[in-house]
Amino acid sequence: MNPFILALQARNLTVEIHHHSAYQIVLSNDMPFTSTISGTKHEGIHGFLIKPHVNHYCVAEKGTLNVLNIEPYSTIGLQLEARFTENKDTVVFESPTQTNSFFQTSRESLEVNTIIDSLLSKLPNIEYDERITKIVEYIKANYFQSDITPQTFADMVFLSPSRLAALFKKQTGSSLSKYLLWTRLRQAIYMTLSDKDRNLTDIAYDTGFYDLPQLNKYMYEMFGMPPKALKHNSDLIQVY
């Protein structure tokens, strides 16, 4: 149970110069690629990890990339923060061996699920409160409802919104509103990439956003690009 990782695997991915408010891990699944990070061009690399708000640009026109975005204030985001050396905001992986060493994964195993499992294995075991589990299940089934409010969740578990917010943050490291947002963004990204003929305004409504401008705002804030750019700049393999 960790909603604060949004991962996808895509081929022919070209990402414009941008920055975002999430930690990002980008790993080659087959061929080296080129990325410009904070103005420095890195050619023939196999991946990188960057902090939020670091400008970067990627070109992997003939290969497949695994891209993982992590909410920075979640438990897993805080765990990643501790893995940077002092005064550094980027870790570049020049070879698969360096990637495997950093994430403590088996040799030549760079699949998305392998990396996710490695990240989660570093977290302490938490027995989630049944009230949190109930709300998580509700969000999975009802994320598309745009009228969900903090009071909606509070009424479900008979807590005040403030007490519920404190409990959720204690167990996940981040907020209930961010959980809902990341769930909606995951669905919006999946729809955008899996059905490129679908109208983006319809996708926004179908995933719980008020309108397309709101979806654009959060997509750019979290991932550095609007859904239109994502739609036309890659071929989706899978969203995790």
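Presented here is an overview of the structure given in this document. (Residues numbered from 1 in each chain as written. Predicted model: local features only at pLDDT ≥ 70, side-chain atom pairs only at ≥ 80, totals over all residues. Heavy atoms only, no water.)

### Details of the pattern of salt bridges
Rule in force here: In what follows, salt bridge is the name for a side-chain nitrogen of Lys or Arg lying within 4 Å of a carboxyl oxygen of Asp or Glu. Only runs of H or I of at least four residues qualify as helices and only runs of E of at least two qualify as strands under DSSP, and these elements are numbered from the N terminus. Only protein chains enter the calculation, and the probe is 1.4 Å; a residue is then buried if its accessible area is under 20% of its type maximum, exposed if over 50%, and partly exposed in between.
By the definition in use, this model includes 6 salt bridges. For lysine 51, the salt bridge goes to glutamate 81, with nearest N and O atoms at 3.9 Å. With lysine 51 in the loop between β5 (47-50) and β6 (56-70) and glutamate 81 in helix α1 (residues 75-81), this residue pair connects regions lying 30 residues apart in the sequence. Between aspartate 206 and arginine 198 there is a salt bridge; the shortest N-O distance is 2.4 Å. Look at aspartate 206 and you get partly exposed, because its relative accessible area is 34%.

### As for the pairing of β6
Successive side chains on a regular strand alternate, one facing one side of the sheet and the next facing the other. Quick note on the threshold: Following DSSP output, two strands are said to pair if at least two bridges run between them.
Within β6, 11 of the 15 residues are buried, which leaves the element mostly enclosed by the surrounding structure. Pairing of strand β2 (residues 23-28) with β6, which is carried by 6 bridges, proceeds in the antiparallel orientation. The residue bridging serine 28 from the neighbouring strand is leucine 65, located in β6. When strand β3 (residues 33-37) meets β6, the two strands line up antiparallel, connected through 4 bridges.

### So, helix α6 (residues 161-172)
Stated precisely, the cut-off is as follows: The span expected for a helix works out to 1.5 Å for each residue beyond the first. The arc refers to the directions leading from the helix axis to the C-beta atoms. When checking whether two residues touch, look at their non-hydrogen atoms; a contact exists if any pair is within 4.5 Å.
For α6, with 12 residues, the first-to-last C-alpha span of 16 Å sits near the 16 Å given by 1.5 Å per residue. Those residues of α6 not exposed but buried are Leu164, Leu167, Phe168, Gln171 and Thr172. One side of α6 holds all its buried residues, which, seen down the axis, span an arc of 110 degrees. Along α6, exposed side chains directed more than 90 degrees from the buried face belong to Ser162, Arg163 and Lys170. Close packing links the buried residues of α6 with α1, α4 (130-142), α5 (150-157) and α7 (176-194).

### So, the environment of asparagine 66
Within the element layout of this structure, asparagine 66 appears in strand β6. Taking relative accessible area as the criterion, asparagine 66 reaches 0% and is therefore assigned buried. The spacing of asparagine 66 and leucine 6 is 60 residues in sequence and 11 Å in space, taken between C-alpha atoms. Non-local contacts of asparagine 66, meaning those with residues more than four positions away in its chain, are made with Leu8, Gln9, Ile25, Val26, Leu27, Asn29, Leu110, Glu111 and Val112.

### So, the packing of aromatic side chains
Worth spelling out the cut-off: Aromatic pairs are defined between Phe, Tyr and Trp rings, using the six-membered ring for Trp, whenever the two ring centres lie within 6.5 Å; interplanar angles under 30 degrees are classed as stacked, those over 60 as edge-to-face, and all others as tilted. Counting as a charge over the ring demands two things of the Lys NZ or Arg CZ atom: a distance within 6 Å of the ring centre and an angle within 35 degrees of the ring normal.
In the structure shown here, the tally under the stated rule is 10 aromatic pairs. Taken together, a centroid distance of 6.2 Å and an interplanar angle of 85 degrees make the contact between tyrosine 138 and phenylalanine 153 edge-to-face. Linking tyrosine 138 in helix α4 with phenylalanine 153 in helix α5, this pair joins segments that are 15 residues apart in sequence. We classify tyrosine 138 as partly exposed; its relative accessible area is 22%. Ring centres of phenylalanine 209 and tyrosine 218 lie 6.4 Å apart, and the angle between their planes is 35 degrees; on these two criteria the pair is classed as tilted. Taken together through their ring pairs, the aromatic side chains of Phe4, Phe168 and Tyr179 make up a single cluster. Its end group placed over the ring of phenylalanine 84, lysine 51 keeps NZ or CZ at 5.1 Å from the ring centre. Its end group placed over the ring of phenylalanine 102, arginine 83 keeps NZ or CZ at 4.1 Å from the ring centre.

Honestly, it's all geometry; don't read function into it.
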